[in-house]
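Spelled out, the chains give:
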Amino acid sequence: MSSSAQHQSSDKATNYYVPSQSIWPIVGAVGLFLMALGAAMWIADGAAQYSWLLFFGAVIIVFMLFGWFGNVITESMTGLYSAQMDRSFRQGMSWFIFSEVMFFLAFFGALFYARMIAVPWLGGAGNNGMTHELLWPEFVAHWPLVTTPDGTTTTAMPWQGLPLMNTVILLVSSVTLHYGHVSLEKGRRTETKLGLGLTVLLGIIFLVLQVEEYIHAYQEMGLTLSSGLYGNTFFLLTGFHGLHVTLGTIILFVLFCRVLKGHFTPAQHFGFQAGSWYWHFVDVVWLCLFVFVYIL
Amino acid sequence: MSQLNLCLLRWQWGCLLVCSMLYATQVSAKSMPFNLTEGVTDISQQVYDLHMTIFIICCVIGLVVFAAMFWAIIHHRKDKGAQAAQFHENTKVEIIWTAIPFVILIGMAIPATKTLIAMEDPSNADLTIQVTGSQWKWHYKYFGHDVEFYSLLASRQDQIHNQKKKRENYLLEVDYPLVLPVGKKVRFLVTSEDVIHSWWVPAFAVKKDANPGFINEAWTRINEPGIYRGQCAELCGKDHGFMPIVVIAKPQEEFDLWLAAQQQKAIEAKAEEQTMLAMSMDMDEMMQLGEQVYNKHCAACHQPNGEGLAGVFPALKGSQMVTQDVAAHIDIVVNGKSGTAMQAFAKQLTLKELAAVIGYERNAWGNNTGDVIQPAQVKAAMQQKDQ
Amino acid sequence: MSTDAAINTGVSDDAHEHHDHKPSGFFARWVLTTNHKDIGSLYLLFSFAMFLTGGAMAMVIRAELFQPGLQLVEPNFFNQMTTVHGLIMVFGAVMPAFVGLANWMIPVMIGAPDMALPRMNNWSFWILPFAFSLMLMTLFMEGGGPNFGWTFYAPLSTKYSPDSTAVFVFAVHLMGISSIMGAINVIVTIVNLRAPGMTMMKLPLFVWTWLITAFLLIAVMPVLAGAVTMVLTDKYFGTSFFDAAGGGDPVMFQHIFWFFGHPEVYIMILPSFGIISAIIPTFSRKPLFGYASMVYATASIAGLSFLVWAHHMFTTGMPVAAELFFMYCTMLISVPTGVKVFNWVATMWRGSLTFEVPMLFAIAFIVLFTIGGFSGLMLAITPVDFQYHDTYFVVAHFHYVLVSGAIFSIMAASYYWLPKWTGYMYDDYLAKWHFWCSLISVNILFFPMHFLGLAGMPRRIPDYALQFANVNAVVSIGGFAFGLSQLIFLVVVIKCMRGKGERASAKPWEGAEGLEWEMPSPAPYHTHTTPPEIK
Ligand code: HEA
Ligand code: HEA
Ligand code: CUA
Ligand SMILES: [Cu+2]
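In this report, we go over the structure that sits alongside the text. What you are looking at is a predicted structure, and each value in this text was computed from that prediction instead of being measured.

## Observations regarding the coordination of the iron atom of ligand 1
All names here are of chain C.
Then, number 1: Counting protein donors around the iron atom of ligand 1 gives one, H397 (NE2), at 2.2 Å.
Then, number 2: In this structure, the iron atom of ligand 1 is positioned 4.5 Å from the copper ion (ligand 4).
Then, number 3: Within the element layout of this structure, H397 appears in helix α14 (residues 392-422).

Rendered as structure tokens:
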């Protein structure tokens, strides 16, 4: 897909590169379709063969990402991109991150609603005194919700210990990444590698500790995905965050490999920047999580 | 001008068409009101007035705006030689037509706020009734009186399937209507056992969602005796269209008599339950009663032919539980299965009815197990569960 | 060629003829494309196919409701028809049609060579056919497709839903991904790819309205994704977000859904406003009245749309203070919307009007949308909404704003730009028939629904009390007539596409202004490869 129908004008500043046909979008669409179908049927039906469909779709998506980004990297390296083009990528990435913010907002919204409205109402607050009196007379509103209205009990995850450690790790990782970024802009390659490499490492440590925390929650604390609204919000928020950290770590790892291969220049390194924005965003989400899920 | 003529002509045709259709489809004698009901409570009257006020305001605004537009359409046409002016803004005008609607809105908001605040005050009620929706029936419980009952659609399947002529109040009739006193403030505590329903009687201007796990409050004070009909107003599954509400409003004395009679009936029913334990049904009686109960309470989901709806409601015909394991069969009918649409029928049916319907299922549609189930058997299973 | 237009493209068109090499081969041209015009066409065709599919389901609904009693379909299937009709029309017909128009017109209107991220653009499109295949597939699965309304309120959509719900959830996820990427593309294109001199306050209003729409999309589609995800975990993974027993609340679902849902309905109308703001000045031969206030009004509508969601939930038992807040905010939306309506009328005022088919649809839009807006305002009045809620009054309201609003504006846009797209004028005779038949039948179809609602007929029911019989029969006949009328449109479009008819000039409308009319018809495959100069 490299034959490019390229449209250049004499005016360099406003030159805009329009790529020619590409196989990757349709590959990506098929990949997503297979993943969605596989996941849906697997969940609905429970039959294991569908998990293969999901897996197969994911492989296609990975294949597509390699191919697509490969194209973009080649185009960028051949100097087809202008500053305007770079802006398009940057803005695109920012809006993508904004959409992610809104996704998390839905779950934070659920958390706030539950804490401020649903649980107190079940406990008799607001205009819902009768709800408590007639339906849930035993229930005492309390957050963390360790005893649900139907009497399921669990334990709340304390913020000291692993979560605190993870907070520190993520904060440090943001610093190391920034260090790598600044070094890149100054053209100091070794420091860039160091900063980026450390960030990837910290990301992996974070994930390991998170898994550790989950195992602890499931096996010793009786805190599971299905133990009432506390467990629901806890696992979905930290879970989706963890998924984003996983993705972020992979992205940073790929960037690391690209730095090793000598991609990126102090002036042009959109890929690096996008990855770093993503990482900082994931970091901020964690801070909110730490405050609203663990501490308060 | 020709276009406009054409337009008018087409409209005349349209109207003619509508009229002829109206005539052609004259299938029922009962005519439909074309406006909101004024209802039979002070609140519903206020709501109606509010409705008419905003409606008329909207009509007036609409008339003004459309008049201006059609004036332009008629007079400022190119084929009449109109030359286009070139003005394209006027701050003064724009401010005016931002401000005027704003003022009009304030005019609407004030009475609306008053009415709303009055509607949302259920305090100091004379009578409290818990209204519980479930798929697809209403349950009413009179607080402080030992009266409670289920209220189900009374229109029959053969009417719904066009095999019998539909009665006048088709789909708006129930077996046991809610009975309320006139002139008293009645508070409703609305909730649900499964999905969200909504309890709505237009004549009272009361519509409140029945949310499972929560209780909503609403109230009414009926001014005139009569029969008032409503329907469930929140999609609640397959038979959402088939769970009507009927309220009979009676003067206080008649209401008291009715209430006393109901209490008496409840006591008698309890006594009968005891005697029933000692009785035994034969196969014919069981099948006959069982079929009645089945069609009324079970057929909505499991279908009259016992085949259910694939993937939604299981077939009872040939079901392993129904043809073999009696204990499990009794258990699921009596206690339901939580987290599914299969509800507990212990409260809804008498022991005899329970026994009959279980027995019926075990012998109908070729299940032919030959089992006869007795009330005592069901009672025993219930007691076992209690321990 | 440019007359009094304040715009000069700076390039003659044949200078670029050599760029006009369309890829050969069907697959290469349509599946691998990165061309905004081809992708636009794909979106538009897809949307029309979905309109027919969703319309066919509406015909099932109307046929069942023709008479009281159950005759054609079982209640469970009826609910699936209602649900999938709503979903398909909203996510499959109206939204993709607007994205298609955006793809075709925005780069052309702002002097950009293409969309900012052309490959992603194609990805956004191709996800859709797969997403809707998933959605439609559920209808053939055991237990049937989604039957819980397009609003999929929990717990009907969780504990009590059919097995296929997981498929529905992932189909919605795919649509969301597609919409978000499409919206990102639109925003970046508008912000970053404007030709030099095309300042924000010179943008055509269609571009402005789409900019704001795209923002709404990116803000709320992820929230919908969150909502379906919680439905998925509640149904299959034991969470209890919407179950009081575990500390959740079914009403919370509605808050999350409508936080998406209300901005969503404006997503379906703001681009219409842009279309109408393009067409009315053209056929009035007069500049749009109040350009700046149109922009501010659009932005206010979008801003307010985040503060009104609970007007769909007045009967759920919110505290009075919340009800009042949402009532006031909802009422406020009438003000900026009114400004738009008044501005359109002022544009027509003392113009030099002609009534080509796009103009006819635009005028019908103004009248019928306003009627729909008025019923919206009535619904906003909380105490009265208790009577209207979940009745056919609501159904009448939203079909007025969606069918005679959004769909009519899409028809208007199609007639307006078909010459530019295909290079041929539409068949005027058939188009007029299409318009008049649609106008009359749409009113026979939806106007009497107001009466049904006021008389107390609930929505989402397959069968009804006898008193509603006559009016329902009329409505159904209107429905069939409206459906058949759309087949005329199909013929008109096919004729244009197959090159039957009069050749269109570069600027077929005398009063039209804007960059799109400065290029030949059909628009060359690549346009604005060198940015035009805007004076
Ligand atoms: C394109 C889609 C669209 C648009 C534009 C609107 C516009 C509006 N809608 Fe609508 N609405 C829907 C689509 C839309 N709606 C849908 C799909 C549903 C149902 C969802 C479901 O349950 O399935 C719904 C439901 C709905 C409800 C919930 C009803 C219920 O379920 O009980 C309410 C309540 O407030 C409402 C209000 C409004 C208001 C106030 C506007 C306003 O924006 C209208 C503003 C316009 C005007 C008022 C007219 C022009 C103004 C003037 C000429 C100025 C002067 C006027 C005055 C001062 C009066 N809508
Ligand atoms: C943009 C959105 C949109 C559009 C365009 C439409 C278009 C139509 N709608 Fe839709 N409708 C919704 C959005 C829309 N609707 C939504 C969101 C709901 C709520 C769903 C819910 O409750 O969850 C709804 C609900 C809804 C109901 C209420 C169902 C119920 O509550 O039970 C009804 C009932 O009459 C209805 C009818 C129609 C009709 C007749 C059309 C017509 O305009 C359709 C016309 C088009 C065609 C008919 C296709 C073209 C023709 C053919 C394919 C050839 C075949 C033709 C014949 C055989 C005559 N709709
Ligand atoms: Cu119960 Cu609808
Ligand atoms: Cu709304």
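Now that the structure has been shown, the text picks up again.
## A short note on unusual backbone geometry
Then, number 1: Residue P144(A) is reached from W143(A) by a cis peptide bond, and omega for that bond is 0 degrees.
Then, number 2: Here P144(A) is to be found in the loop between α4 (129-135) and α5 (162-185).
Then, number 3: Located in the positive-phi region is A205(B), a residue other than glycine, with phi close to 55 degrees.
Then, number 4: A205(B) sits in the buried class, given a relative accessible area of 3%.
Then, number 5: Phi at R285(C) takes a positive value of approximately 55 degrees, unusual for a residue other than glycine.
Then, number 6: By relative accessible area, R285(C) is classed as buried at 15%.

## Regarding the side chain of H397(C)
Then, number 1: The class of H397(C) is buried, set by a relative accessible area of 18%.
Then, number 2: Contact partners of H397(C), with chain neighbours within four places excluded, come to G372(C), S375(C), G376(C), L379(C) and H450(C).

## Side note on the pairing of strand β6 (residues 197-201) of chain B
Residues and elements named next belong to chain B.
Then, number 1: Within β6, 5 of the 5 residues are buried, leaving the element largely enclosed by the surrounding structure.
Then, number 2: Along β6, one buried face is formed by H197, W199 and V201 and the opposite face, lined by S198 and W200, is buried too.
Then, number 3: Pairing of β6 with strand β7 (residues 206-210), which is carried by 5 bridges, proceeds in the antiparallel orientation. Of the residues in β7, the one forming a bridge with W200 is K207.
Then, number 4: The antiparallel hairpin formed by β6 and β7 contains 4 residues in its connecting segment, where A205 sits at a positive phi of about 55 degrees.

## Remarks on the packing of aromatic side chains
Then, number 1: One pass over the structure, following the stated rule, counts 92 aromatic pairs over all chains.
Then, number 2: Aromatic pair F34(B) and F451(C): ring centres 4.9 Å apart, planes at 55 degrees, arrangement tilted. Highlighted residues: F34(B) in the loop between α1 (2-24) and α2 (42-75) and F451(C) in helix α15 (residues 428-455), drawn from two different chains.
Then, number 3: Above the plane of the ring of W219(B) lies K185(B), whose end atom (NZ or CZ) is 4.2 Å from the centre.
Then, number 4: Across from the ring centre of W200(B), 3.9 Å away, lies the NZ or CZ of K207(B), which sits over that ring.

## Digging into the coordination of the copper ion (ligand 4)
Residues and elements named next belong to chain C.
Then, number 1: Each protein donor to the copper ion (ligand 4) is listed here as H262 (ND1), H311 (NE2) and H312 (NE2); together their distances run 1.8 to 2.1 Å.
Then, number 2: Between consecutive donors of the copper ion (ligand 4), the numbers of intervening residues give the motif H-x48-H-H.
Then, number 3: You can call H262 buried: its relative accessible area is 3%.

## Focus on the interface of chain A and chain B
Then, number 1: Contact residues are listed per partner, giving 10 residues for chain A and 9 residues for chain B.
Then, number 2: Of the roughly 740 Å² buried between chain A and chain B, counting both surfaces, carbon and sulfur atoms make up 70%.
Then, number 3: Looking only at chain A, the three residues that lose the most surface to chain B are M130(A), L134(A) and L135(A), adding up to 57% of its buried area.
Then, number 4: Where chain A touches chain B, the interface holds 2 residue pairs in polar contact (both at pLDDT 80 or more).
Then, number 5: Listing elements by their share of the side of chain A that touches chain B, those giving two or more residues are α3 (83-122) and α4 of chain A.
Then, number 6: In terms of residue count, the dominant contributor to the side of chain A that touches chain B is α4(A) (4 residues).

## What to know about helix α9 (residues 291-304) of chain C
Then, number 1: Taking 1.5 Å per residue, 14 residues should reach 20 Å; α9(C) reaches 20 Å between its end C-alpha atoms and fits that length.
Then, number 2: Restricting attention to buried positions, one finds in α9(C) the residues Y291(C), S293(C), M294(C), V295(C), A297(C), T298(C), I301(C), A302(C) and L304(C).
Then, number 3: Where the residues of α9(C) are buried, they touch α3 (91-119) of chain B together with α6 (205-236), α7 (250-267), α8 (270-284), α10 (320-332) and α11 (334-348) of chain C.

## Some words on the site of ligand 1
All names here are of chain C.
Then, number 1: W150, Y266, D385, H389 and H397 are the nearest of the 32 residues found near ligand 1.
Then, number 2: In this structure, A380 approaches ligand 1 through a main-chain N or O atom, which is 3.3 Å from an oxygen atom.
Then, number 3: Residue R459 places a side-chain N or O atom 2.8 Å away from an oxygen atom belonging to ligand 1.
Then, number 4: If you list the elements that add at least two residues to the shell around ligand 1, you get α7, α11, α12 (357-380) and α14.
Then, number 5: For the shell around ligand 1, the class distribution of residues is 19 nonpolar, 11 polar and 2 charged.

## Remarks on the environment of P462(C)
Then, number 1: By secondary structure assignment, the location of P462(C) is in the loop between α15 and α16 (469-497).
Then, number 2: A C-alpha to C-alpha distance of 9.6 Å links P462(C) and Q71(C), two positions 391 residues apart in sequence.
Then, number 3: Ignoring anything within four residues of it in the chain, the contact list for P462(C) reads F242(B), E64(C), L65(C), G69(C), L70(C), P75(C) and F78(C).

## Some remarks on the interface of chain C and chain B
Then, number 1: On the side of chain B, 108 residues touch chain C, which itself brings 106 residues to the contact.
Then, number 2: Counting each side, the surface lost to burial between chain C and chain B is near 9,500 Å², with a carbon and sulfur contribution of 71%.
Then, number 3: Sorting the residues of chain C by area buried against chain B places Y160(C), Q387(C) and L466(C) first, and these three jointly supply 8% of that buried surface.
Then, number 4: At the boundary of chain C and chain B, one finds 1 salt bridge.

## Re the environment of A327(B)
All names here are of chain B.
Then, number 1: Structurally, A327 can be placed in helix α8 (residues 326-335).
Then, number 2: Overall, A327 belongs to the exposed group, its relative accessible area being 55%.
Then, number 3: Spatially, the C-alpha atoms of A327 and A381 are 7.4 Å apart, while their sequence positions differ by 54 residues.

## Observations concerning the sheet that holds strand β2 (residues 137-142) of chain B
Residues and elements named next belong to chain B.
Then, number 1: The 5 strands are arranged β3-β2-β1-β5-β8 in an open sheet whose pairing can be described as mixed. Whereas interior strands pair on both sides, the edge strands pair on one side only; in this sheet they are β3 (147-151) and β8 (216-221). With strand direction ignored, the average angle separating the axes of adjacent strands in the sheet is 20 degrees.
Then, number 2: Looking at chain direction, β2 and β3 are connected through 5 bridges and run antiparallel. Bridge assignment links H139 to a residue of β3, and that residue is Y150.

Reading the values: rules and limits
- Residues numbered from 1 in each chain as written.
- Chains lettered and ligands numbered in written order.
- Predicted model: local features only at pLDDT ≥ 70, side-chain atom pairs only at ≥ 80, totals over all residues.
- Heavy atoms only, no water.
- Donors = N, O, S within 2.8 Å, 3.2 Å for Na, K, Ca; no water.
- Helix = DSSP H or I, 4+ residues; strand = E, 2+ residues; numbered from the N terminus.
- Buried < 20%, exposed > 50% of the residue type's maximum accessible area, 1.4 Å probe, protein only.
- Contact = heavy atoms within 4.5 Å.
- Pairing = 2+ DSSP bridges.
- Phe/Tyr/Trp six-rings, centres within 6.5 Å; stacked < 30°, edge-to-face > 60°.
- Lys NZ or Arg CZ within 6 Å of the ring centre and 35° of its normal.
- Buried area = accessible area lost by both parts, 1.4 Å probe.
- Polar contact = N/O pair within 3.5 Å; in protein donor to acceptor, adjacent residues only side chain to side chain.
- Expected span 1.5 Å × (residues − 1).
- Near = heavy atom within 4 Å.
- Nonpolar A, V, L, I, M, F, W, Y, C, P; charged D, E, K, R; others polar.
- Salt bridge = Lys/Arg side-chain N within 4 Å of Asp/Glu carboxyl O.
- Axes fitted to C-alpha atoms, helices over the stretch in contact; angles between N-to-C directions.

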